[in-house]
Amino acid sequence: MAEETRHKMHLIIITPKKTFYEGLVSSAGFPTIDGEFGVMAGHTPFVAALFPGTCTIRVDDEIKHCMLSEGYAEINQRAIIVICNSAEWPEEIKVRQIFESYRNSLAELDRQSEDGNDGQFYSEDVKRMADRSLARMRFIERYGTEAQKTRLAQLKAVGL
């Protein structure tokens, strides 16, 4: 047992609603504001701010992907603790909802521009909503089910 866990880390992903994931992993990769980073057992301790995007979880030969929103990750040599606003498996994402959220954020950015904003001082909330929606759409294009990919393509064809 000790040999089996020597090269693994304990990963826990927590959202305000639940503990999304908990288990021993071989490695994990996260989207940060400075780019993607990956960690394995024995990694140098640090804290990173997360950006909406794909989290890759490797358990032995199995690879899982989930979508993370803003938050932070605390890493030490034996554990990774992720605290984020939301985490979702591909099949949990509602394509129409993310598409509508993206359209609404673009409409709000346009409205702010029309109100005399020269584009430099958009609401941070609106920019983050657009970032999250865009990241979720990219996530679906890469890891979603065929039905999700088809639906997203249909929505883009008629609505962007």
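In what follows, the structure referred to is the one given above.
These notes cover the structure that comes with them.

Definitions and limits used
- Each chain carries its own residue numbering, running from 1 in the written order of its sequence.
- Local features are withheld for residues below a pLDDT of 70 in this predicted model, meaning they are given only at 70 or higher, and side-chain atom pairs are given and counted only at 80 or more; totals for whole chains, interfaces and linings count all residues.
- Computation of side-chain values covers all heavy atoms of the structure but excludes hydrogens and water.
- For helices, the axis comes from a line fit to the C-alpha atoms of the stretch in contact; other axes are also lines fit to C-alpha atoms, and the angle between any two N-to-C directions lies between 0 and 180 degrees.
- Secondary structure elements are defined from DSSP: runs of H or I of at least 4 residues count as helices, runs of E of at least 2 residues count as strands, and each element is numbered from the N terminus.
- Geometric relationships in this document are graded by angle, where less than 35 degrees denotes roughly parallel, more than 145 denotes roughly antiparallel, 65 to 115 denotes roughly perpendicular, and other angles denote oblique.
- In this scheme the crossing of two helices becomes right-handed for a clockwise turn of the near helix relative to the far one and left-handed for an anticlockwise turn of less than a right angle.
- Should any heavy atoms of two residues lie within 4.5 Å, those residues are considered in contact.
- For every residue, the accessible area obtained with a 1.4 Å probe (protein chains only) is divided by the maximum for its type, and the residue is called buried under 20%, exposed over 50%, and partly exposed between those limits.
- We call two strands paired when DSSP finds no fewer than two bridges between them.
- In summary, the pairing rule links any two rings of Phe, Tyr or Trp, Trp by its six-membered ring, whose centres are within 6.5 Å, and it sorts them by plane angle into stacked for under 30 degrees, edge-to-face for over 60 and tilted for everything else.
- A helix is expected to span 1.5 Å for every residue after the first.
- Directions drawn from the helix axis to the C-beta atoms are what define this arc.

Turning to the packing of helix α2 (residues 95–114) against helix α4 (residues 146–159), a few remarks are in order. In the contact formed by α2 and α4, the axes pass within 9 Å of each other and the chain directions differ by 30°. Classed by the angle they form, the pair α2 and α4 counts as roughly parallel. Taken as a pair, α2 and α4 cross one another with a handedness that is right-handed. Across the interface between the two elements, V95, R96, F99 and R103 of α2 pack against Q148, R151, L152, L155, K156 and G159 of α4.

In terms of residue burial, strand β6 (residues 53–59) counts as a mostly covered element, since five of its seven residues are buried. Direction of pairing for strand β3 (residues 27–32) relative to β6: antiparallel, over a ladder of three bridges. Within β6, the residue paired with S27 across the bridge is R58. Strand direction decides the pairing type here: β6 and strand β7 (residues 62–68), joined by seven bridges, are antiparallel. Bridge assignment links I57 to a residue of β7, and that residue is K64.

Overall, the coordinates contain five aromatic pairs when judged by the stated rule. Relative to F37, the ring of F30 lies with its centre 5.4 Å away and its plane at 40°, an arrangement referred to as tilted. The same class applies to F30 as to F37, namely buried. A network of ring pairs unites the aromatic residues F20, Y21 and W89 as a single cluster.

Our focus in this paragraph is α2. For α2, with 20 residues, the first-to-last C-alpha span of 29 Å sits near the 28 Å given by 1.5 Å per residue. Regarding α2, the residues found buried are V95, I98, F99, Y102, S105, L109 and Q112. For α2, the buried positions fall inside an angular range of 155° around the axis, keeping them on one side. Turned more than 90 degrees away from the buried face of α2 sit Q97 and E114, all of them exposed.

Moving on, we come to helix α3 (residues 124–143). With 20 residues, α3 ought to run about 28 Å at 1.5 Å a step, and its terminal C-alpha atoms sit 28 Å apart, in line with that. Buried residues of α3: V126, A130, S133, A135, R136, M137, F139 and I140, and no others. Among the structural elements, β6, β7, β10 (87–88), α2 and α4 are those in contact with the buried residues of α3.

No statement about biological role is implied by the geometric values presented.
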